[in-house]
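The primary structure of each chain is shown beneath.
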Amino acid sequence: MAEGKTARLHLEGKDYDLAVLSPTAGPDVVDIRKLYGDAGVFTYDPGFTSTASCDSTITYIDGDKGELWYRGYPIEQLAAQSHYLEVCYLLLYGELPNPDQLLDFETRVTRHTMVHEQMHYFFRGFRRDSHPMATMVGVVGAMSAFYHDSIDINDPVQREIASIRLIAKVPTIAAMAYKYSLGQPFVYPRNELDYASNFLHMCFSVPAEPYHVDPALSRAMDRIFTLHADHEQNASTSTVRLAGSSGANPFACIAAGIACLWGPAHGGANQACLEMLREIGSVERIPEFLARAKDKNDPFRLMGFGHRVYKNFDPRAKVMKESADEVLDLLGVHNNPTLQVAKELERIALEDEYFVSKKLYPNVDFYSGIILEAMGFPTSMFTPIFALSRTVGWISQWKEMIADPQNKIGRPRQLYVGAPRRDYKPLDQR
Ligand code: CMC
């Protein structure tokens, strides 16, 4: 981080020099850490649209160019040439593994895929019709009640074990949440399968008959995991960091991240997007929905469109669109009406003045639901799949924060606009 430049704030006749920090890539950052101490004022930035909450070496997004890098590697290269567990290693440790390191990492993750047997009883407390995200928030948080030997955040060995456990067990928990909602028996992981195949096996196999994981579908699943693995300081990652900044254990922090991801403005958009595409139903109804999206008095938004950071194509959406074509082809699904509506909606929106002027482009969630549905997942499983893919990003960011000597509890300030000080009135005087 290069220093040297300064910005000057002129306030009530006094000048304050603020350091300007230059990152490896991206815009410069004005360092306001001492502003309150020196000048007695806060900055105001609801939604953090202009505020960097931390420094990080993990992920970089150039929203104008539509670029995403994990540890410097462009997402397109990783999606085409790498695979999810290698990407997990990269995110966690900062470099691509050599063959021995990869084998060791894969073995460690694989050996942790089973959950404590008593957790099976825990599931039974949930109604069968619970949304799998509701179950996941509860069960992932409950991991802190089962794995006491990995909740000391000050011990790097325990942090490492917690990281491996989370990457290994969250898919098992997501699959169990799904099986529970169906009333089918839980399926134990099979460690001879790769990560994505094992997840498909835990979701779709039943004890009554053999299940063969199609390698092409497993590759598509793996790519979905890779595309969602991290995305710098988004809402759920910031939630994980904020929860972790108080010293909360990693399982509790990841449960907090899952809760935040669930919202339709964030990870819940994949479910909401597919439901919207189904509701539109045919190409003829697109103008009606576009008009609603543009109407200021209608809360409807085009799900799977727009992003806080990308003001260009979301690079993940491009890969996802190609994948959607491949997967539907592979499954012999031709003329899928949802895909037709999606493609036409994208075409019309990208030519529409409203979307063009606001730089609203399809995001990662626009095409992912079509692939997941074709694979056999119900819409309620879309966000859990996002959550399991993002677990490695959350845990990498959490580890980075805990290991940072500058780490302190996150405590935003506010612009108070409530009542001035006033005296309490007894009930009989009101
Ligand atoms: N449909 C219609 N109008 C939109 C949309 C949309 N999807 N997204 C933004 N706008 C408009 C918005 O009304 C506003 O208009 P104006 O300036 O006239 O008030 C303008 O564009 C800027 O929107 P914003 O809400 O200030 O932007 P934001 O950065 O706060 O919101 C967003 C980003 C992703 C929450 C928003 O684009 C959105 O709600 N999109 C739909 C939900 C979605 O697809 N979310 C997934 C995001 S990618 C995966 C992830 O990160 O989890």
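Residues numbered from 1 in each chain as written. Predicted model: local features only at pLDDT ≥ 70, side-chain atom pairs only at ≥ 80, totals over all residues. Heavy atoms only, no water.

Novice: What exactly am I supposed to notice about the packing of helix H8 (residues 195-204) against helix H9 (residues 215-227) here?
Specialist: The description of two packed helices rests on the angle between their axes and on the distance between the axes. Orientation of H8 relative to H9, taken along the N-to-C sense of each, is 105°, at an axis distance of 8 Å. Between H8 and H9, the angle falls in the class roughly perpendicular. Residue-level inspection shows Tyr-195, Ala-196, Ser-197, Phe-199 and Leu-200 of H8 in contact with H9, the latter providing Leu-217, Ser-218, Met-221, Asp-222 and Phe-225. Residues of the contact of H8 with H9, tallied by class, amount to 7 nonpolar, 2 polar and 1 charged. (Axes fitted to C-alpha atoms, helices over the stretch in contact; angles between N-to-C directions. Helix = DSSP H or I, 4+ residues; strand = E, 2+ residues; numbered from the N terminus. Parallel < 35°, antiparallel > 145°, perpendicular 65-115°, else oblique. Contact = heavy atoms within 4.5 Å. Nonpolar A, V, L, I, M, F, W, Y, C, P; charged D, E, K, R; others polar.)

Novice: Just checking my understanding: could you explain the domain arrangement of the protein for this structure?
Specialist: By a widespread convention, an interface's size corresponds to the accessible area lost as its parts come together. For the protein, the assigned domains read domain 1 (6-52) and domain 2 (57-405). A straight line from the C-alpha centre of domain 1 to that of domain 2 covers 34 Å. (Domains from an automatic or database assignment.)

Novice: Even after reading the chapter, I still don't get the side chain of Ser-205, so can you show me in this structure?
Specialist: Within the secondary structure layout, Ser-205 lies in the loop between H8 and H9. For Ser-205, a relative accessible area of 5% corresponds to the buried category. Setting aside its immediate chain neighbours within four residues, Ser-205 contacts Lys-179, Val-187, Leu-200 and Tyr-211. (Buried < 20%, exposed > 50% of the residue type's maximum accessible area, 1.4 Å probe, protein only.)

Novice: Help me understand the environment of Asn-249, please; the structure alone is not making it clear to me.
Specialist: Inspection of the secondary structure puts Asn-249 in the loop between helix H10 (235-245) and helix H11 (250-261). Since its relative accessible area comes to 17%, Asn-249 is described here as buried. For the pair Asn-249 and Val-206, spaced 43 residues apart in sequence, the C-alpha separation works out to 35 Å. Not counting residues within four places of it along the chain, the set of residues in contact with Asn-249 comprises Ser-144, Ile-151 and Ile-153. A polar contact is formed between the side chain of Asn-249 and the backbone nitrogen of Phe-251, at a distance of 2.9 Å. Among the polar contacts made by the side chain of Asn-249, one reaches the main-chain amide nitrogen of Ala-252 at a distance of 2.9 Å. (Polar contact = N/O pair within 3.5 Å; in protein donor to acceptor, adjacent residues only side chain to side chain.)

Novice: Just to check I follow, could you spell out the sheet that holds strand E5 (residues 67-70) for this structure?
Specialist: Strand pairing within a sheet occurs via backbone hydrogen bonds; the two strands may be parallel or antiparallel. Strand order across the open sheet formed by 3 strands is E4-E5-E6, with antiparallel pairing between neighbours. In this open sheet, the two strands that pair with only one neighbour each are strand E4 (59-62) and strand E6 (73-74). Summarising the sheet, E5 and E6 pair through 2 bridges and their orientation is antiparallel. Note on E6: the bridge partner recorded for Tyr-70 is Tyr-73. (Pairing = 2+ DSSP bridges.)

Novice: Even after reading the chapter, I still don't get the UniProt feature "active site" (unreviewed entry) in the protein, so can you show me in this structure?
Specialist: Taken from the UniProt record, the annotation "active site" (unreviewed entry) applies to His-307 and Asp-365. These residues run over 59 residues, yet every pair of their C-alpha atoms falls within 10.7 Å of each other. By relative accessible area, which is 24% here, His-307 ends up partly exposed. A polar atom in the side chain of His-307 sits 2.9 Å from the backbone nitrogen of Val-309. Relative to the helices and strands, Asp-365 is located in helix H17 (residues 365-375). On the basis of relative accessibility, which here comes to 5%, the residue Asp-365 falls in the buried class. Other than its neighbours up to four places away in sequence, Asp-365 contacts His-228, His-266, Ala-269, Asn-270, Cys-273, Gly-304 and Phe-386. (UniProt positions renumbered as here; feature names shortened; annotations may be inferred.)

Novice: Even after reading the chapter, I still don't get the site of the ligand, so can you show me in this structure?
Specialist: Around the ligand lies a shell of 22 residues, among which His-266, Lys-296, Leu-302, Arg-308 and Lys-358 are the nearest. In this structure, an oxygen atom belonging to the ligand sits 2.5 Å away from a side-chain N or O atom of His-266. With respect to the ligand, the backbone of Phe-305 contributes an N or O atom lying 2.9 Å from a nitrogen atom. About the coverage of the ligand: the protein hides 75% of its 940 Å² of free accessible area. Taken together, the residues of the shell around the ligand break down into 11 nonpolar, 6 polar and 5 charged. (Near = heavy atom within 4 Å. Areas by Shrake-Rupley, 256 points an atom, 1.4 Å probe, with all protein chains shown as cover.)

Novice: Mind showing me how you'd approach the pairing of E4 here?
Specialist: The side chains of a regular strand alternate between both faces of the sheet. Burial of E4 is two-sided: the residues Thr-59 and Ile-61 facing one way and the residues Tyr-60 and Asp-62 facing the other way are all buried. Across 4 bridges, the pairing between E4 and E5 is antiparallel. Paired with Thr-59 across the strands is Tyr-70, a residue of E5. The antiparallel pairing of E4 with E5 creates a hairpin that spans 4 residues between the two strands, and Gly-66 there sits at a positive phi of about 75°.

Novice: I tried to follow the nonpolar core on my own but got confused; where do I start?
Specialist: For soluble globular proteins, nonpolar side chains are generally found buried alongside one another. Ranked by internal contacts, the top residues of the largest apolar core, which has 111 residues, are Phe-199, Met-221, Leu-302 and Phe-377. For this core, the element with the most residues is helix H7 (residues 156-182), which contributes 13 residues. Contact partners of Phe-377, with chain neighbours within four places excluded, come to Phe-199, Leu-200, Cys-203, Phe-204, Met-221, Leu-372, Phe-382 and Ile-385. (Core = buried A, V, L, I, M, F, W, Y, C linked by side-chain atoms within 4.5 Å.)

Novice: Teacher, can you tell me more about unusual backbone geometry here?
Specialist: It is generally the case that most residues other than glycine have a negative phi and that most peptide bonds are trans. Even without a glycine there, the phi angle at Glu-12 is positive, about 45°. On the basis of relative accessible area, Glu-12 is assigned to the exposed category, the value being 81%. Non-glycine residue Lys-359 carries a positive phi angle of around 55°. Within the fold, Lys-359 resides in the loop between helix H16 (353-357) and H17.

Novice: When you look at the packing of aromatic side chains in this model, what are you seeing that I'm missing?
Specialist: Each pair of aromatic rings is reported with the distance of its centres and the angle of its planes. Tallying each qualifying case throughout the model produces 22 aromatic pairs. Between the aromatic rings of Phe-289 and Phe-300, the centroid separation amounts to 5.8 Å while the plane-to-plane angle is 65°, which identifies the pairing as edge-to-face. You can see Phe-289 sitting in helix H13 (residues 286-294) and its partner Phe-300 sitting in the loop between H13 and helix H14 (315-330), a full 11 residues away along the chain. On the accessibility criterion, Phe-300 (14% relative accessible area) is buried. With a centroid separation of 5.7 Å and 75° between ring planes, the pair formed by Phe-305 and Phe-355 is classed as edge-to-face. (Phe/Tyr/Trp six-rings, centres within 6.5 Å; stacked < 30°, edge-to-face > 60°.)

Novice: Teacher, can you tell me more about the state of the cysteines here?
Specialist: Tallied over the entire structure, the rule returns 0 disulfides. Take Cys-203: it sits in no disulfide, and the sulfur closest to it among the cysteines is that of Cys-88, at 17 Å. Here Cys-253 stays unpaired: no disulfide links it, and the sulfur of Cys-260, its closest cysteine neighbor, is 13 Å away. Here Cys-253 falls in the buried class, since its relative accessible area comes to 0%. (Disulfide = S-S within 2.5 Å.)

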